[in-house]
Amino acid sequence: MHVLRWWRLRSAAFVAAALVAALVAAALVAPRAWASAGTGAPGRACSGYVGLTFDDGPTPGNTPALLAALRTAGLRATMFNVGQNVEAYPDLTRQQVRAGMWIGDHSWDHPHMTQLTAEQQDAQISRTQDVITRVTGATPRLFRPPYLETDEGLRAVELRHGLTEINADVDSQDWNNATADQIAAKARELRSGDVILMHDWPANTVRAIPRIAADLRERGLCAGRISPVTGRAVAPGHTPAGARTAGRVEDLGDSVRYTWPGVTFEGRFQGSGVGIELNDAANDYDVQIDGGAPVTLRTPGRTTHWVTGLGGGVHTVRLAKRTESPWTPGEFGGFVAAPGGRVLAPPAARARQIEFIGDSWTAGYGNMSTSRDCSASGGINPNSNADQTFGALTARALNADHQLTAWSGMGMVRNYNGSSPGTDFRTYYDRTLQAAGTAAWQPPRTWRPQVVVVGLGINDFSTPLNPGEPWADTAALAADFRAAYLGFLAKLRLRYGPGTSIVLTYPTMAGTPLADSVQQVVRERNSQGDTRVSARHYDNDALGLDLLGCDWHPSLHDHRLLAGALGRFIGTLPVRW
């Protein structure tokens, strides 16, 4: 709803709604198979999907009549409910859910949100989120601002609640006394992916439903769900199930979030094109079709990125997160097929699995640069690609699924130059979303890597100790490093079992205790009977590393050399592939 007249108009609507109330008894029954009018039932192809939305409910008289009309027409829609109405009429809200509708947040009492303080905005949203969750058991992912009024401040509050703002591509004008014919005519403006604004309470909106359904059917369009990733209409049953990942992700049901670098998603589809649903303004991605040359997406934002013009038949698609974003999750909503095509079951998981744990060397910090000073070429992110690190290259050479659990600047007990005291890599290793959330990652039963490669210690020893740090000297730091490393290995061994080979890697760092400390840790584990712990020294000179990446980091040339050396070393281990 987006004009001040809405309260007056609603009063008339309560009376008019009685004209269609007779539909309720026939339609509000136990869920049945959706009719083919607008939801893409079996046997009917959908050339696209549109989002039907209804604001301001639920209300007695109006909501049951609207639900009856939608069910009779075989349509599903998103109901942007007002929190105080949900609290007053919880049974009507549950009727909406039972009728197959999706529920969105429309504020607590429909104020002009942009005229409120941030605290007041937060209260409007959080109260509505809480009551909808309590009544339905599901927390909304979508928010429509009253009167469609929004600004950057409000969007920041929405983001804190994990909400995607939904406005409208088409305004039905039902709030403005539009006739049923006029409402249906506005709906004819919808194109695939579009969202239309309608309301719970006008009687003419209910009368327009059969005509809207008939028009959608005639044009090959179906009523769809609004993706919280892109804000566009997609197939009702669309989830990221069409993609496979070995990475650490937070499963939101209809999308997944992630922060660790190098997370990849693989899928298969049939047809001439594929869409990739993303909501990420912080990271860069590479997209590959059928194993071809990757195409880079720079901070794509909220979008469906389409790859079209492909030949018919079955294709593969691969999406890889190139960059680090410890504080800012990316969100992936899945792959969608172009009209006439379909998403197929994803590729099978590979039998081989490797986890790479480390810092900037493992994450691919500045590895695509050809100059140690990256300031003139866009900085670190545009010059980084986690999918071209020694870990990703090693995994592909061995046909293994992999994880990159890496964070630049982090150490085992001390971060680069003593930064962020009180935290270190171990603080975040168990988390799904690094610094963006504290929830612990629960490894699925299918993730049991045969090899774990650990590369930590560069940041612990690469800079001198600063006054005020908790170590009296480097010897004390090295002792803490070794003790922490042993504890970390005990955790890995407990998690993955005795059969996993664990390789501790380290580069040449003359004048520091890194090499001796790592070797001592290996000897200690071996003396305890853990013979599957070993060390691999990356000899910078012998390998021919040029360190031409940003800030003296390994370049792409170096990562290829490191991958070759590591792959050969893994080949000597008693790995049970």
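Structure shown above.
In this text, all values refer to a predicted model and were calculated from it rather than measured experimentally.

Caption draft 1: Representation of the nonpolar core in the model. In terms of nonpolar packing, the biggest core is built from 60 residues, with I357, V454, Y485, L492 and L504 touching the most fellow members. Here the element with the most residues in this core is helix α14 (residues 474–496); it accounts for nine residues. In contact with L504, other than residues within four places in its own chain, are V454, Y485, L489, V518, V521, V522, V533, S534, A535 and R536. In this structure, V131, V170, A180 and L216 belong to the second largest nonpolar core, which totals 35 residues.

Caption draft 2: Quick peek at helix α11 (residues 390–397). Of all eight residues that make up α11, six are buried, and the element is covered over most of its length. Regarding α11, the residues found buried are F390, G391, A392, L393, T394 and A395. Those residues of α11 that are buried are in contact with β22 (352–358), α10 (360–363), β23 (400–406), β26 (533–538) and α17 (556–570). Immediately beyond the C-terminal end of α11, within one or two residues, lies N399, with a positive phi of roughly 55°.

Caption draft 3: Layout of the state of the cysteines. Applying the stated criterion across every chain yields a total of two disulfides. The disulfide partner of C46 is C222, and the gap between their sulfur atoms is 2.0 Å. Judged by the sign of its S-S torsion, about -80°, the bond between C46 and C222 is left-handed. With C46 in the loop between α2 (23–27) and β1 (48–55) and C222 in strand β8 (residues 221–223), this pair connects stretches of sequence that are 176 residues apart. Using a relative accessible area of 0% as the deciding quantity, one classes C222 as buried. One disulfide bridge connects C374 with C550, the sulfur atoms lying 1.7 Å from each other. Between C374 and C550 the disulfide shows an S-S torsion of about -105°. By sign, it is left-handed. Highlighted residues: C374 in the loop between α10 and α11 and C550 in the loop between α16 (540–543) and α17, separated in sequence by 176 residues. Side by side, C374 and C550 carry an identical accessibility label, which is buried.

Caption draft 4: Summary view of helix α7 (residues 152–160). Looking only at α7, the buried set comprises L154, V157 and E158. Projected down its long axis, α7 carries its buried residues within an arc of 100°, all on one side. For α7, the exposed residues lying more than 90 degrees away from the buried face are E152, L159 and R160. Packing partners of the buried residues in α7 comprise α6 (118–136), β4 (142–143) and β5 (164–165). G162 lies just past α7 and shows a positive phi near 70°.

What counts and how
- Residues numbered from 1 in each chain as written.
- Predicted model: local features only at pLDDT ≥ 70, side-chain atom pairs only at ≥ 80, totals over all residues.
- Heavy atoms only, no water.
- Core = buried A, V, L, I, M, F, W, Y, C linked by side-chain atoms within 4.5 Å.
- Buried < 20%, exposed > 50% of the residue type's maximum accessible area, 1.4 Å probe, protein only.
- Helix = DSSP H or I, 4+ residues; strand = E, 2+ residues; numbered from the N terminus.
- Contact = heavy atoms within 4.5 Å.
- Disulfide = S-S within 2.5 Å.
- Arc of directions from axis to C-beta.

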